[in-house]
Each structure stands twice: as structure tokens, then as C-alpha cells.
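# Tertiary structure, described
Here are the chains, one letter per residue:
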Amino acid sequence: EAAVTQSPRNKVAVTGGKVTLSCNQTNNHNNMYWYRQDTGHGLRLIHYSYGAGSTEKGDIPDGYKASRPSQENFSLILELATPSQTSVYFCASGDDINSDYTFGSGTRLLVI
Amino acid sequence: AQSVTQPDARVTVSQGASLQLRCKYSYSGTPYLFWYVQYPRQGLQLLLKYYSGDPVVQGVNGFEAEFSKSNSSFHPRKASVHWSDSAVYFCAVSEGMGYKLTFGTGTSLLVDP
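Quick caveat: nothing in here was measured; it's all calculated off a predicted structure. (Residues numbered from 1 in each chain as written. Chains lettered and ligands numbered in written order. Predicted model: local features only at pLDDT ≥ 70, side-chain atom pairs only at ≥ 80, totals over all residues. Heavy atoms only, no water.)

### Examining the environment of Ile46(A)
Residue and element names in this part refer to chain A. Looking at where Ile 46 falls in the secondary structure, it is placed in strand S5 (residues 42-49). Expressed as a C-alpha distance, the spacing of Ile 46 and Pro 61, which sit 15 residues apart in the sequence, is 4.8 Å. The contact partners of Ile 46, leaving out residues within four places of it in the chain, are Trp 34, Tyr 35, Arg 36, Lys 57, Gly 58, Ile 60, Pro 61, Tyr 64, Leu 76 and Tyr 89. (Helix = DSSP H or I, 4+ residues; strand = E, 2+ residues; numbered from the N terminus. Contact = heavy atoms within 4.5 Å.)

Right, here's the structure in full:
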């Protein structure tokens, strides 16, 4: 079954540390996305990719980097984590033929 | 730029009552519209989508929605809600197939059993 898998499911990081969130999809979708979810804001787009080797800035990219080394994998990198980046992060893949999106189960990040 | 407004942060209804959620979008072109449902501590599941054809679309769990270009709206409704419908509902818009989604702030639905 096609899926989007995020790791880790939960993460506690220290302020100033580096955090990498990983996402793997088996849907063979060209498009992949990273969102964060915060109460009162819904889901906000951080970075996205329309193919391996390319990444684009979303609506709130400051403090985040992204990497798309292959069709299947899309990582979100926090080089210097801050408490304001405490959130739930969702990865998704998008089908540019059927307009279907598959979301991962989320990563809960706590920066202390 | 595209945007979505969900004017109701919280909605409470009694089990068995009818329900309508609200979503208005802003996009100059032909929008691709979606509703997702999120149960506690889970990811997002597709409820409804529309991008062409019949403006009334059927979704899962008894939901249907009508697209209105004149009103820039895509409101889902359900004839009779169940306590298991309690969840957070998100409206989203995209400018094309599989392109980035812009989400509304969500509507938290509580169904009183």
C-alpha cells in the first residue's frame, strides 16, 4: 500500500541543536511537502519539492532547510533549533495526475 | 496568491442533527478544492475534493459539498452527524494537480452524543 512514512514520531531537541526530520514515500509522486501545524494556524507550508534534486521555499521557510535527494525521500532540517519551532510537522506527497495527496502521521517536535 | 477562510473555529452539534461547515477561498484561476478531516493525534484524511464537473461532490462518511464559483465557496454538509464525526476539519485550495495546498485554520467539530 502506498504510504508516507515520517521519522521520528516524537523528538525532543535542545535549543541550538540540529534536527533532521525524515520523510519517505512509496507513492512515486513527484511532489512532496513539509507543513507545520499549530493551534489557530492550521497547516502552514515550510518547504516543498516538485522533483528529486529540487526544493522551493514555502510560506514560512525561515529557520528551515530541505533536501530531496531522491524521488522517495524528503528531509526537513533545523540547523539551529529554537523553542518557537516546537510543533507538529507533517510531510505529504502530491500526485500531479490525479490530484491526490497522502499525508504522513506527523512528527511531534519539542525544542527545550 | 491563494487563500482559504474558515470562519468557524468551533462548531458543536447534537448527534443526529444536520451539519454544514463553511469555507471560502480566494484564487483568481480555477481552484482545486479539498476538505480533510483530522482525528486526534492522527494525520489528515481526505473527505471531499472538487476541481471540475458537477459542482456537487460526494465524499466519505456521508459528506457532500457544493462548489459555488459565484460565492467562492465550498461548504460540506451532512444530513445526520454521529459522535464519531467529532474531529478537526480543514479546507484547502491548490492551483493545480498535486500542487502545494494552502489550508484554512480548521474547524473543530464536537458532536454531543
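From this point, the narrative continues.
### Remarks on the state of the cysteines
Counted according to the given criterion, the structure contains two disulfides over all chains. Here Cys23(A) is linked by a disulfide to Cys91(A), with a sulfur-sulfur distance of 1.9 Å. The sign of the S-S torsion, about -80 degrees, decides the handedness of the disulfide formed by Cys23(A) and Cys91(A): left-handed. A residue pair is termed long-range when its members are at least 10 positions apart, and Cys23(A) in strand S3 (residues 19-25) and Cys91(A) in strand S9 (residues 87-94) qualify at 68 residues. Paired by a disulfide, Cys23(B) and Cys91(B) hold their sulfur atoms 1.9 Å apart. Disulfide Cys23(B)-Cys91(B): the torsion about the S-S bond is -60 degrees, which places it as left-handed. Separated by 68 residues along the polypeptide, Cys23(B) in the loop between strand S3 (19-20) and strand S4 (24-26) and Cys91(B) in strand S10 (residues 87-94) bring together distant segments of the chain. (Disulfide = S-S within 2.5 Å.)

### Some points on the nonpolar core
Core analysis: the largest hydrophobic core is formed by 26 residues, its most contacted members being Leu19(B), Trp35(B), Leu48(B), Phe74(B) and Tyr89(B). In this structure, Phe74(B) is in contact with Cys23(B), Leu33(B), Phe34(B), Trp35(B), Leu48(B), Lys49(B), Tyr50(B), Val57(B), Ala65(B), Glu66(B) and Phe67(B), ignoring residues within four places of it in sequence. (Core = buried A, V, L, I, M, F, W, Y, C linked by side-chain atoms within 4.5 Å. Buried < 20%, exposed > 50% of the residue type's maximum accessible area, 1.4 Å probe, protein only.)

### Topic: the environment of Asn24(A)
Residue and element names in this part refer to chain A. Mapped onto the fold, Asn 24 is located in strand S3. C-alpha separation for the pair Asn 24 and Phe 74, spaced 50 residues apart in sequence, amounts to 6.6 Å. In this structure Asn 24 touches Ala 3, Val 4, Thr 5, Glu 72 and Asn 73, once residues within four positions along its chain are discounted. One polar contact links Asn 24 to Asn 73, side chain to side chain, over a distance of 3.0 Å. (Polar contact = N/O pair within 3.5 Å; in protein donor to acceptor, adjacent residues only side chain to side chain.)

### Notes on the interface of chain B and chain A
By a widespread convention, an interface's size corresponds to the accessible area lost as its parts come together. Between chain B and chain A, the contact holds 21 residues from the first and 24 residues from the second. For the pair chain B and chain A, the summed buried area comes to about 1800 Å², and 52% of that belongs to carbon and sulfur atoms. Of all residues in chain B, Met97(B), Gly98(B) and Lys100(B) give up the largest surface area on contact with chain A, accounting jointly for 29% of the area buried on that side. If you look at where chain B meets chain A, you find one salt bridge. Put simply, Asp100(A) and Lys49(B) hold a salt bridge, and the shortest N to O gap is 2.6 Å. One can count 13 residue pairs in polar contact (both at pLDDT 80 or more) joining chain B with chain A. Mapped onto the side of chain B that touches chain A, the elements with two or more residues apiece are strand S5 (32-38), strand S6 (44-50), S10 and strand S11 (101-103) of chain B. (Buried area = accessible area lost by both parts, 1.4 Å probe. Salt bridge = Lys/Arg side-chain N within 4 Å of Asp/Glu carboxyl O.)

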